[in-house]
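So you can see what is in the structure, the chains are spelled out below.
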Amino acid sequence: QVQLVESGGGLVQAGGSLRLSCAASGRTFSGYVMAWFRQAPGKEREFVASIRWSGGRTFYADSVKGRFTISRDNAKNTVYLQMNSLEPEDTAVYYCAAKPSIVSVTYNYWGQGTQVTVSS
């Protein structure tokens, strides 16, 4: 069974930085796409960033481009989200997600989420 476990959330002041981690287990992730989503209170879940497990090509939402960096350590089966220049609008529960292929329609594996709160 694929399992994704997020960590690294917390409280930070605006302008600060935080690094989230997603520990992935249960199978070989070759060909998978890993991603971060977030959901703020009263808002829809939104895409943040994604990375191909093999090759490492990335894609970012416009709202975080230039501030956030997604990366992965294949040897450690871990995906990271480095968040810089954080803004109060970044406050949300952040979820790690995975799908089997770049052509897969949905992300079918999800972590429990980690809370990120940015104070003004």
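Here goes a summary of the coordinates provided. (Residues numbered from 1 in each chain as written. Predicted model: local features only at pLDDT ≥ 70, side-chain atom pairs only at ≥ 80, totals over all residues. Heavy atoms only, no water.)

If you tally the helices and strands in the protein chain, you get zero helices and 11 strands. For the protein chain, the α and β elements follow one another from N to C terminus as β-β-β-β-β-β-β-β-β-β-β. On C-alpha atoms alone, the protein chain measures out to a radius of gyration of 13 Å, which is about the 14 Å that the 2.2 N^0.38 rule sets for 120 residues. Considering only C-alpha atoms, the protein chain reaches an extent of 40 × 25 × 25 Å along its principal axes. (Helix = DSSP H or I, 4+ residues; strand = E, 2+ residues; numbered from the N terminus. Rg over C-alpha atoms; globule rule 2.2 N^0.38 Å.)

Strand residues, when the strand is regular, have side chains that alternate between the two faces of the sheet. Of the two faces of strand β1 (residues 3–7), the one lined by L4 and E6 is fully buried and the one lined by Q3, V5 and S7 carries no buried residue. Strand direction decides the pairing type here: β1 and strand β3 (residues 18–25), joined by five bridges, are antiparallel. What sits directly across from V5, in β3, is A23. (Buried < 20%, exposed > 50% of the residue type's maximum accessible area, 1.4 Å probe, protein only. Pairing = 2+ DSSP bridges.)

In total, this model carries eight aromatic pairs according to the counting rule given. Centre to centre, the rings of F37 and Y107 are 5.2 Å apart; their planes meet at 75°, and the pair counts as edge-to-face. Placement of the pair is F37 in strand β4 (residues 33–39) and Y107 in the loop between β9 (92–99) and β10 (109–110), with a sequence separation of 70 residues. Of the two residues examined, F37 and Y107, each falls in the buried class. These aromatic residues form a ring-pair network of at least three members: F37, F47, F59, Y107 and W110. (Phe/Tyr/Trp six-rings, centres within 6.5 Å; stacked < 30°, edge-to-face > 60°.)

If you walk through the whole model with that rule in mind, you get four salt bridges. In this structure, D90 and R38 form a salt bridge, with 2.9 Å as the shortest nitrogen-oxygen distance. Within this pair, whereas D90 is found in the loop between β8 (78–83) and β9, its partner R38 is found in strand β4, the two being separated by 52 residues in sequence. In this structure D90 comes out as buried when scored by relative accessible area, which is 1%. (Salt bridge = Lys/Arg side-chain N within 4 Å of Asp/Glu carboxyl O.)

Now for the nonpolar core. M34, W36, L81, M83 and Y94 are the most contacted members of the largest nonpolar core, which has 31 residues in total. Elements represented by at least two residues in this core include exactly β3, β4, β5 (46–52), β7 (68–73), β8, β9 and β11 (114–119). Beyond its immediate chain neighbours, meaning those up to four positions away, Y94 contacts E6, L20, W36, F37, R38, V48, F68, L81, M83, G113, T114 and V116. Formed by five residues, the second largest nonpolar core is a distinct cluster that contains V33, A35, F37 and A97. (Core = buried A, V, L, I, M, F, W, Y, C linked by side-chain atoms within 4.5 Å. Contact = heavy atoms within 4.5 Å.)

It is worth stressing that arrangement in space is one thing and function is another; only the former is reported here.
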